[in-house]
Each structure stands twice: as C-alpha cells, then as structure tokens.
Amino acid sequence: MIRPALFYAFITLSAVMWFLDGPGLWTFTVTAMTFILIFVHRKKLNRSALLGMPVWFLAVSALTFYHGISSETLLTGTETVLQGTVHSVPSEGVSGLRFVLKTESGEKVQAVVPDPTGNPPDYNSLCRLSGNLEEPAKQYNEFGFDYKRYLNQQRISWLFYAGEYNCVQKTSVKSLLYSFRADGIERLGLLAEEDKGRHGASVIQALVYGERGTMEEGHREAYRVIGVSHLLAVSGLHVGLVVFLLLFVLQRTGVTKETSFTLAICFLPFYVVLAGGAPSVTRAAMMVMAVLIALKISLPLKPVDSISGVFIVLLLWDPANIYHIGFQLSFLTTFVLILSGRILSRSQSWFGTIVRVTVLAQLASFPVVIYQFHEFSLLSIPFNFVFIPYISFAVLPLSLLIAILLPFAALPAQLLFSFVSSTLDVFHGIMFFLNDLSLFRITFGQPSDLMVFLLYSMTVLLFYFWEQEFRQRVLAASAVLAGLSVLQVMLPYIDPEGRVTMLDVGQGDAFLVELPYRERVYLIDTGGAVYFGEEAVSAGPGERVLLPHLRGRGITKIDKLILTHGHADHIGETCLLTEHVNIGAALYPAGGMHSLLELEVKDCLEEAGIPLIVTYVGLSWTRNGGQFRVLSPNGSESSENDRSIVLEAVMGGYNWLFTGDIEEEAEKRITADYPDLETDVLKVAHHGSISSSTHEFMEIVKPQIALISAGRKNRHGHPSAEVTDRLENAGALVYRTDQDGDVTVTFRNKKGITEVRAVAGRE
C-alpha cells in the first residue's frame, strides 16, 4: 500500500525541482508522476492529507526560494581580507591547502592557500586571510567536471586565494570528532608496510570512515566500472551493523533496552560525522534513528514512511542535495528496494534474495550510472553476488574490529589487518583481470534526457509486471529495456552528422574527428601535462579530458592516432591512450623518434601492438565521403615544429586544414607547393604563436573558421593578439579553447557545416 508520506516526498521533490531547475523534461516528469499517483490513489487518502498537499507544495517552494535568496553573494570581488570560521576539514591538494571559510556575514567562500606555512587551520578555526577573490572557472570540457556549478550548489560564489593567513583553533564537539576521524584514518594507513597492504588499508578506511581519497584512482575506477563501488560507501549495512554491535554490548553489560535505544539514538549523529557525512550514511543513520524512536514510543513505522521522511528532511535542509550523485543513487535504490517488498518476499532462499536485491538495485541505478559515467560492466551483477556477502559478512565486521582494536591492541589489529588485506589482494587481482577484459565492458556514451526517460519508464513497467507476476509482460519489458540499451550504443552508427572537436587540453593540441555514421574516428594529437600559469591539477589532460570525452561520446576505438610531432603538449598522453583505448594505427612524421619522450611513446605503441606509420607528404586516403591528404613534412625540415604533420581534409563539402605547430618556413613551402590552398576551417598553427599564421599564409588559406588551442594564462602569451587580429581581419570567426573550452564543429556530407558549439559559450 502506498503511504501518504510517499506522496509528500514526491511533492517535495517537485517543488524543489521547479525552483532549482525550472520547467524541463525531468521537472514535468516528476510533477506528472506526482499528480498521477495522487489521482490513482485519491480514494485511499483522507481529506486532510489531500488538502494539505497544495499547502505543502507552497511551503516547500517558499523554503527553496529562501535558500536561493540566502545564497546570493554579498561580496563585491574587491575584498583582500576575509575573516571567518573554517567550515570544512582542510585538505591538501596540488593547488595547496583548501577549505571552506564561513565569513562573519555568513557567506561561504572556498579558500585556497597555495603555500601554507606553519600550522594549518583545523575545522572550526577562526581565521583571518589576506589575498584576492576570484570567480570559479566555468565548465570548459563537455564531459568534464563543472567546478563552478559544484560550488554554486554549495552556495559558494567565490574562490579566495590567500597569500597569508592567521588562524586560532576553536575547539568544538564536531572538530574533536573530525580530529578523531583523521587520527583513525592515519593509524589505518600506517598499518600498511610501504606498498604491501596499502590497497587493503584504503578499503578499510573507506568502509570505516567513509574516506576514499587515499584509494588509488585505478582502484576507484575498477570498483566503479565493475559495479561494486556502492559497497565502499558507508550506508545502511554499515550503520545497521554498528548499531547492532552497540546495542549488543550495552544490553550485555546490563543497560536496559530503552536506555540502550536512547544511547544509540544519541550516538548516531556522532557516527555520521566519523563516517564522513556522505548522503548514504546520513540517510541510513536517520532511518535507524527513526526506527529506534518509533520502537521507544511503540509507534508503528513503515519503512516507506521512514525513507520518505528522511528524504523530505534532507531536501528541506539543503535542496541542492538533489544534485549529489550519492544522494540520487542512495535514495533511488533504497526506495526501489522498500517498494519491492512483494518481489523480495517471494524468494525461497537467502541466495535468491541477494539475486533479487542485486537485480533490482542494478536496474534502478542503471540509467543514472550510464548518464553519469557512460559505461557499464556485464560483470556487475555476478560480481555483486560474490562481493556483497564477502564485504558484508567478512571484510566490514573485521574492518570495524581492526579500527576499534588499533588504539589499544596493536598486535591483534595488525594480524587481522594482514588477513583482511591478503584476501582483498586476491579479490582485487580477480577484479582487475576481469575489468581489463573489454568484452564485458559496454561503453554507452552519455544518453540524452529523452533516452534516460524512456529507460526509466520501461524500468518502472518492468518492476510493476514483476510485482504482479505477469511473466510474459516481464519478458517483453525486459526485451524493450535491452533494445533501448542497444539503441543507445548504436546511435552514433546511425547518425548522419560528423564532428570535429577541438578539445580543451590546456597548453596543447587534441582534435577529435568523427566521420558520419561513426565510419571512422581519428585523433590528431593527445595533449600533454604542460602547465604554466594554469592552476595545478592532479591528473593530466588524458585522464581529465580525453578519456571522459571518448566515453561520453561512446568511442571505444580510434582508427588513426595522428601524432603531428614530438613535443610533450602534442604526444604526452599517448601511453595513457594505449592502455585504455583500442587504436588501429599511429601516424608519426618522417625524421625519426629520438627524444626520451618519443622513445617512450614508441615503446608504448609497440607494447600495445599498434602499427606505427612513418608519414610523408603525399599520403592520402578516402573514407565515407571524407578525403584526407598529407601536405607536410617532406623529411628535410630543420626544426621539430616545422616537421609537424599537416593534414588537409574535405569533410561535409568543406576544406579543413590541421597544421600542427608549423611556423613561417613550413608555411612558405606549403603555400608554394599548393598555391590554391583555400581553407574553410583552419586549425591555427602553434597555438596562435606570432611565429606562425603569417599575413602571406592567411591571404592564401582565407579561413572562415579558425580554431586555436591554447592554455589559459600560459606563459607564452598564446594566442598572439596580432595573429587573432589578422584572422579576424581576414573574415574568420575565431574560437579559442582558453576562452571557449571544447569547440565542436558539426557537419553533414551533403549539407556542410550545420553547427559550431563552444562548451563555455560566448558572452
């Protein structure tokens, strides 16, 4: 039976979405579902519940509006001194020490201390910072992290770069808990002997304290891809086990049941802080608290009432929770499992129950997972069958025991850790082996909102038919769901549009060419980890830009990797690509591979079995209406830049010219050899350097669109103002990655260029 609390949860979600997202597909969908549910069940609802619904919608709307008003900044951007309280646990990163500062006016600011000296601030410290305010950078990569939106969702409008700081520690219960948590994480980390055991330690840190930051990116990726990352999130299982152990110990020591319930209720808020405060642990703790309170006062409480109430409270507390992927997946799967009681109750064994829980959870989360991460492993369901009992009944209890024993009995804790770590190493080995088998990994690309809507519509129907035991309809719904999934994979192969994307890889080049109907995919250069004035980041453009973009576009194979020349900002991410992407062949300019980087690239290509084609002027090929011709090098170039591969292409009836880093000497030779070289779309040479794109060259190529790849605040001053003026005077529309981010030019074979889209937009 559907409970009134569930209706109010839907109404709360609808009101929040209307005020945060405005009218749109998902807002209309949730609102329509709310009205349909209320209409279908209207006779089962009493009059007061029905009359209270519109009042509740208006109340939630008003509160959401208030949250929006209260998040507006009071700072002007000219302030150089800020005073306030440290509102988050400070963390050390490549850009320096980062923490949220709550100013005296109540506004939150993301503080960054590039060069911290002396004792760093702790949570709740009173600080005076001297520096300058900056607006967060907008999103520059199509499938990259939108840092500005992330901060705005936390009601943060400014970054403050502090050159100097003076902080005074202010002790509070929460700061003591954070300090205790940090000590626990550090103690677990020290259990690992150098490399031995560090992966086990990172898993235990995640299970006990909700800390995943110590886990290597490769391990996090493997857990995510194979579909078991949810087991590392502190959630209902963890909270339930902790509360069970607490109640068991209290009642065994003579504490009455009622008193033990009270103590457990009081303990849970502290545990939420110790476990990292993620949405999953907050949800689980609040649900357990509700159950314990209901038991104390003998109030019958249905699970759906509990989850609905927690959902409402957390959204009212902070409507921006709706954007948190952990919040979405945690509540989505929990709601589905609670509402699927009839399906689960039919299971005849514990194994059957695990199978049903896993299938229900995977189906419920599947559309969100492929929208956010763009790929799915077929091994997810079978691996969950093994991992759920292993983590739940072995690793998690032992991890909690290790954390409890460690401060008092180091030797038993070390022995237990060695056992847990060794078994985890075996499982990790199996997981990595299976994860590397691309046969089981399906890359879907990012589905459209419409596709996600269709997937969820069919999933709801499947759950309904399953609950009603309509077996033939279950099979039919499953077939349609599978068909939609296959369609998502196949969409690029029936798409008549081709694309050329200038990827924002900072100070470097990476151009992705997709021919219509996904006939072929070419990547011209890879970018490389070259940073000057740009803010330091923990990963190179391969991990940050290339791989996410390829996954987002559903690309699993690059037919030709065209490496224009041997500089790091053009070939620096080649080895990473060979490890993650199937590459048909690599083109490299004549003149040999001699530098350490070139030799490393050559070794990576050979290890991956990728043919290396030495490329001279005259090489050409045709594919699906696209014609490609190499105009340079000829092998006699005197500089590395001038021996760049220069590729002319005809796509969509337009002429394209990709020029690498050629300079004036090469430009003169090319225009002498090809005096009729008119170009519609020009990849501007050498990041817009003054040493290239001469007036004489522009007079011949006469581009309509000019694409310049350059890093923000790069020390070379690329692109040169003289070059951009020259291009604009020639009538070209200039796009730059440092201003526009990723730029995609879309074309059709018979219609030419149909769209030019910049991720960062144009103001």
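Scroll up to find the structure this text is about.
Residues numbered from 1 in each chain as written. Predicted model: local features only at pLDDT ≥ 70, side-chain atom pairs only at ≥ 80, totals over all residues. Heavy atoms only, no water.

### Here we look at helix α1 (residues 4-20)
Heads up, the condition is: Helix numbering and strand numbering both begin at the N terminus, where a helix is a DSSP run of H or I of at least 4 residues and a strand a DSSP run of E of at least 2. Here, expected helix span is obtained from the residue count minus one, scaled by 1.5 Å. The buried label goes to any residue with under 20% of its type's maximum accessible area, the exposed label to any with over 50%, and the partly exposed label to all in between, with areas taken from a 1.4 Å probe on protein chains only.
Compared with the 24 Å implied by 1.5 Å per residue over 17 residues, the 24 Å span of α1 between its first and last C-alpha is a close match. Across the 17 residues of α1, 12 count as buried, placing the element largely inside the fold. All of the buried residues in α1 are L6, F7, Y8, A9, F10, I11, T12, L13, S14, A15, V16 and M17. Of the residues trailing α1, G22 is marked for its positive phi of about 75°.

### Comments concerning the side chain of Q110
In plain terms, the rule: Pairs of N or O atoms are called polar contacts if they sit within 3.5 Å, as long as, within protein, a hydrogen donor faces a hydrogen acceptor (for residues adjacent in sequence, only side-chain-to-side-chain pairs). Note on contacts: a residue pair is in contact if any heavy atoms of the two residues lie within 4.5 Å.
Here Q110 lies in strand β4 (residues 108-113). The class for Q110 is buried, based on a relative accessible area of 9%. Polar contacts involving the side chain of Q110 include one to the main-chain carbonyl oxygen of F99, which spans 3.2 Å. When neighbours within four sequence positions are excluded, Q110 is seen to be in contact with R98, F99, V100, Y147, L151, I156, W158, L159 and F160.

### A few points about the sheet that holds strand β10 (residues 511-514)
This is how it is decided: Whether two strands pair depends on DSSP finding at least two bridges between them. With axes taken as lines fitted to C-alpha atoms, and helix axes fitted only over the stretch in contact, angles between N-to-C directions fall between 0 and 180 degrees.
In space, the 8 strands of this open sheet follow the order β14-β13-β12-β11-β10-β9-β22-β23, with mixed pairing throughout. Every other strand in the sheet has two partners, leaving β14 (612-615) and β23 (752-758) as the edge strands with one partner each. Going across the sheet, the axis of each strand differs from the next one's by a mean of 20°, ignoring polarity. For strand β13 (residues 582-589) and β14, the ladder comprises 4 bridges, and the chain directions are parallel. Paired with P589 across the bridge in β14 is T615.

### Here's the deal with the state of the cysteines
Cut-off, in case you're wondering: Cysteine sulfurs are considered disulfide-paired once they come within 2.5 Å of each other.
Per the counting criterion, the structure on display carries 2 disulfides. Here C127 is linked by a disulfide to C167, with a sulfur-sulfur distance of 2.0 Å. Handedness of the C127-C167 disulfide follows from its S-S torsion of about 115°: it is right-handed. Within this pair, whereas C127 is found in strand β5 (residues 126-134), its partner C167 is found in strand β6 (residues 156-168), the two being separated by 40 residues in sequence.

### Structural notes on the pairing of β13
Each regular strand carries side chains that alternate between the two faces of the sheet. Let me state the cut-off plainly: The path from the first strand over the helix to the second decides the hand: if it runs clockwise while the strands point away from the viewer, the crossover is right-handed.
Along β13, 6 of the 8 residues are buried, which leaves the element largely enclosed by surrounding structure. Across 5 bridges, strand β12 (residues 557-562) lies against β13 in parallel orientation. Each bridged residue has a counterpart across the sheet, and for K560 the counterpart in β13 is A585. Crossover connection from β13 via helix α22 (residues 596-607) to parallel β14: handedness right-handed.

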